[in-house]
Amino acid sequence: APLTGIVAVVLWILGVIVAESSGYSDKDTPQEILAVFQDDSSTLIAGGVIFAFGVVFFIWFLGTLRAVLIAAEGGVGRLASIAYGSGMLAALCLLLQVAPTLQGAVNEEDLSADTAQSLQSMGESFFVGAELTLLAMFLAVGLLILRTRVLAGWLGWVSLAVALLLAIIPIGWAGVVWAFPLWTIVTSVLLLRSPAKPAERPLVQQERM
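This section reports on the structure supplied with the text. (Residues numbered from 1 in each chain as written. Predicted model: local features only at pLDDT ≥ 70, side-chain atom pairs only at ≥ 80, totals over all residues. Heavy atoms only, no water.)

1. A word on unusual backbone geometry
Phi at R149 is positive, roughly 55°, even though this residue is not glycine. With respect to the secondary-structure elements, R149 resides in the loop between helix 5 (113-148) and helix 6 (153-167). (Helix = DSSP H or I, 4+ residues; strand = E, 2+ residues; numbered from the N terminus.)

2. Points about the packing of helix 3 (residues 41-73) against helix 5
At a minimum axis separation of 10 Å, helix 3 and helix 5 run at an interaxial angle of 35°. The interaxial crossing formed by helix 3 with helix 5 has left-handed handedness. Of the residues in helix 5, those in contact with F58, L62, L65, L69, A72 and E73 of helix 3 are M137, V141, L144, R147 and T148. A breakdown of the residues in the contact of helix 3 with helix 5 according to their chemical character gives 8 nonpolar, 1 polar and 2 charged. (Axes fitted to C-alpha atoms, helices over the stretch in contact; angles between N-to-C directions. Left-handed = near helix turned anticlockwise from the far one by under 90°. Contact = heavy atoms within 4.5 Å. Nonpolar A, V, L, I, M, F, W, Y, C, P; charged D, E, K, R; others polar.)

3. Quick word on helix 4 (residues 78-106)
Compared with an ideal rise of 1.5 Å per residue, which puts 29 residues at 42 Å, helix 4 spans 41 Å between its outermost C-alpha atoms and is within 8% of the ideal. For helix 4, the principal kink sits at V98 and spans about 25°; a proline, P100, occurs within the next four residues. (Expected span 1.5 Å × (residues − 1). Bend = angle between axes of the 7 residues up to and from the residue.)

4. As for the layout of surface pockets
Approximately 900 Å³ is the volume found for the largest pocket. When residues of the lining of the largest pocket are traced back to their parent elements, those giving at least two are helix 1 (4-20), helix 3, helix 4, helix 5 and helix 7 (172-193). Residue composition of the lining of the largest pocket, grouped by class: 18 nonpolar, 8 polar and 2 charged. (1 Å grid on protein atoms, 1.4 Å probe; cavity = no way out; pocket = protein on both sides within 12 Å on 5 of 7 lines; lining within 4 Å. Points joined across faces, edges and corners; volume = space filled by probe spheres on them.)

Structure follows, in structure tokens:
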């Protein structure tokens, strides 16, 4: 289960490579964007579907991460819940990035040039949503790791550094494009080596039992 994070990143990379082979993101005018939808719809659909399956594997990875974090935190698991919830929101934003492109590629015969441009802009707008929701995830994970040492302490500091990068909006895109996938791969490996363990009960509770 922890390795689903690596699978997610691989699928994301493949999906982007396939979709970008159409030149979709390089087109600026409505007519150029519409031409890509009409001439390379199969390429856009293939790239979008591959990327979307990457999101599915990322959701599975989040479940594994949550199990480890909440077992280490114990109690109400506030930070673990924040990390999981914001990660799920980021997954939704990632999925919504490709959904408009998929919709346009499937219905390319009914598109106008202006609609094609709107679909492209709609997908790009969710990138900012992913950036901000990932910020909350990295912040919560970093603080929890440093508090409990459930994973390597250096990963906690790295997570906080990525959160800071994401908070700087003009350059935060680098955190989503580069730091986030690399972090997911590294964390997957560390989770594989550190399976979830039940949180120890307070001594008072043990004595009462």
